[in-house]
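Here's the letter readout for the chains.
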Amino acid sequence: MSDGGVERRQRWVDATGRLLALLGIAFIVAYTVWVLVPDLPRSVVVAFNVIFALTWALFLVDAVMRLVLTPRGERWRYAWRHPIELLSVVFPVFRALRVVSLLGYLPVLQRRTTEAVRARFILSAIIYATVYVFFISLAVLQVERDAPGANITSFGEAIWWAVVTLATVGYGDTYPVTVPGRMWAAVLMAGGVAIVGVASATVISVLNERLSGLRSEHPHRRGVVAEREGLAEGDDVAERDASDDPGPERAGR
């Protein structure tokens, strides 16, 4: 990829990042109120529709501009490495996830130390998972609550269903009955695999780093353990030699 293309795209990202993140927050707030408060005044509904349309249009422009500013030979690779930017144009849940990009502009998370990188990663993962579950719960509630035979009719039931599904518990007390609700359920399941995998990898990484830190802080303990293991191994060898040696009495017999 040419340096000029990288610089132009980065300038565009820097110029629009905060605006899109704030617009994503407005989208989440508007969609939340729109779903949880069905009987809204007409003026509020119109305002929310304007926010929805404006968010979709600006996210579409952003995705197109990022691809245009990427050299032709690298566009497919860029799209593959940045799926949320493109999926946010089609699926509202990914539009909501773009809010996490606001974290990159916080001064405390712009440092390059190991602690800052880990904190940024963990905080981003937590917010991604929270927004993901929250938004899919809203989407499922919207399509399910008025359906015949629906058992997800409140936000509490929607959150409960989403958490149980994400945790792969699957009690079966609540479940979507409509086609759109089941499609959202499939999206939640697919994302849940990634969320659980990232959480497990993060815990293992932190434990390995803690153990490495303990070993580096107390190197003499490793020597003591190795010495003890060596002595124990030497004692085992001596015992085996003694058992194999017939001795003078046994030799005389």
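Use the structure listed above.
So, here is what we can say about the structure in this document. Position numbers for residues start from 1 in each chain and track the written sequence from start to end. Residue-level local features of this predicted model are given only where pLDDT is at least 70; pairs of side-chain atoms are given and counted only at 80 or more, and the full residue set underlies all totals for whole chains, interfaces and linings. The basis for every side-chain value is the complete set of heavy atoms in the structure, and neither hydrogens nor water enter the calculation.

### Some thoughts on the side chain of Thr-55
Here comes step 1: Segments assigned H or I by DSSP are reported as helices when at least four residues long, segments assigned E as strands when at least two residues long, and all are numbered from the N terminus. Looking at where Thr-55 falls in the secondary structure, it is placed in helix α2 (residues 42–68).
Here comes step 2: Exposed residues in this analysis have more than 50% of their type's maximum accessible area, buried residues have under 20%, and partly exposed residues fall in between, with area computed by a 1.4 Å probe over protein chains only. The exposure class of Thr-55 is buried, given its relative accessible area of 0%.
Here comes step 3: The definition of a polar contact used here is a pair of N or O atoms within 3.5 Å, where within protein one atom must be able to donate a hydrogen and the other to accept one, and adjacent residues in sequence count solely through side-chain atom pairs. Among the polar contacts listed, one links the side chain of Thr-55 to the backbone oxygen of Ile-51, at a separation of 2.6 Å.
Here comes step 4: Sequence-distant contacts of Thr-55, defined by excluding residues within four places in its chain, comprise Leu-23, Phe-27 and Arg-95. Contacts are assigned to residue pairs with any non-hydrogen atoms lying within 4.5 Å of each other.

### Notes on the packing of α2 against helix α4 (residues 83–90)
Here comes step 1: Axes, fitted as lines to C-alpha atoms, cover a helix only where it is in contact. Angles between the N-to-C directions of the axes lie from 0 to 180 degrees. Across the interface, α2 lies against α4 with an axial gap of 9 Å and an inter-helix angle of 145°. As for how α2 packs across α4, the hand of that crossing is left-handed. Mapping the contact onto sequence places Trp-56, Phe-59, Leu-60, Ala-63, Arg-66 and Leu-67 in α2 and Glu-85, Leu-86, Ser-88 and Val-89 in α4.
Here comes step 2: Residues of the contact of α2 with α4, tallied by class, amount to 7 nonpolar, 1 polar and 2 charged. Here a crossing is taken to be left-handed if its near helix is turned anticlockwise relative to the far helix by less than a right angle, and right-handed if that turn runs clockwise. Under the scheme applied, nonpolar residues are Ala, Val, Leu, Ile, Met, Phe, Trp, Tyr, Cys and Pro; charged residues are Asp, Glu, Lys and Arg; polar residues are all the others, including Gly.

### Quick word on the layout of surface pockets
Here comes step 1: Buried and open spaces are told apart on a 1 Å grid over the protein atoms alone, a cavity being a set of points where a 1.4 Å probe fits but cannot get out and a pocket being an open set with protein on both sides within 12 Å along at least five of seven lines. Residues with an atom within 4 Å of a point are the lining residues. Grid points are joined across faces, edges and corners, and a volume is the space filled by probe spheres set on the points. What the second largest pocket holds in volume is close to 480 Å³.
Here comes step 2: Of all the secondary structure elements, the ones that give two or more residues to the lining of the second largest pocket are α4, α5 (92–97), α6 (114–144) and α8 (179–217).
Here comes step 3: Broken down by element, the residue count for the lining of the second largest pocket peaks at 8 residues, all from α6.
Here comes step 4: A per-class count over the lining of the second largest pocket returns 16 nonpolar, 3 polar and no charged.

### Regarding α4
Here comes step 1: Among all positions in α4, only Glu-85, Ser-88 and Val-89 are buried. Taken down its axis, α4 places every buried residue within 105° of arc, on the same side. Each C-beta atom gives one direction from the helix axis, and the arc is the one those directions make.

### Some points on a nonpolar patch on the surface
Here comes step 1: Together, Leu-22, Ile-25 and Val-29 make up an exposed nonpolar region whose accessible area comes to about 250 Å².
Here comes step 2: Examined against the element boundaries, Val-29 turns out to sit in helix α1 (residues 3–36).
Here comes step 3: With a relative accessible area of 49%, Val-29 lands in the partly exposed category. The patches described consist of residues with a relative accessible area above 30% and no salt bridge, like charges being joined within 9 Å and nonpolar side chains (Val, Leu, Ile, Met, Phe, Trp, Tyr) within 5 Å. The Shrake-Rupley method, run with a 1.4 Å probe sphere, supplies the accessible areas, and residue values consider only the shown protein chains as cover. In what follows, salt bridge is the name for a side-chain nitrogen of Lys or Arg lying within 4 Å of a carboxyl oxygen of Asp or Glu.

### Observations concerning the environment of Trp-184
Here comes step 1: Within the element layout of this structure, Trp-184 appears in helix α8.
Here comes step 2: Separated by 48 residues in the primary sequence, Trp-184 and Ile-136 place their C-alpha atoms 6.6 Å from one another.

### Here's the deal with the packing of aromatic side chains
Here comes step 1: Ring geometry is summarised as follows: Phe, Tyr and Trp rings, the Trp one being its six-membered ring, pair when their centres sit within 6.5 Å, and such pairs are stacked at plane angles under 30 degrees, edge-to-face over 60 and tilted between the two. Summed over the entire model, instances satisfying the criterion amount to 8 aromatic pairs.
Here comes step 2: Between the aromatic rings of Phe-27 and Tyr-31, the centroid separation amounts to 6.2 Å while the plane-to-plane angle is 10°, which identifies the pairing as stacked. Within this pair, Phe-27 and its partner Tyr-31 are both found in helix α1, separated by 4 residues, close to a single helical turn.
Here comes step 3: Classification of Tyr-31 by relative accessible area gives buried; the value is 8%.
Here comes step 4: Both rings, one in Tyr-31 and one in Phe-52, keep their centres 6.3 Å apart while their planes meet at 65°; by these two values the pair is edge-to-face. Of the two residues, Tyr-31 is situated in helix α1 and Phe-52 in helix α2; the sequence distance between them amounts to 21 residues.
Here comes step 5: Put simply, the rings of Phe-27, Tyr-31, Trp-34, Phe-52 and Phe-135 pair up and form one aromatic cluster.

The analysis is restricted to geometry; functional conclusions fall outside its scope.
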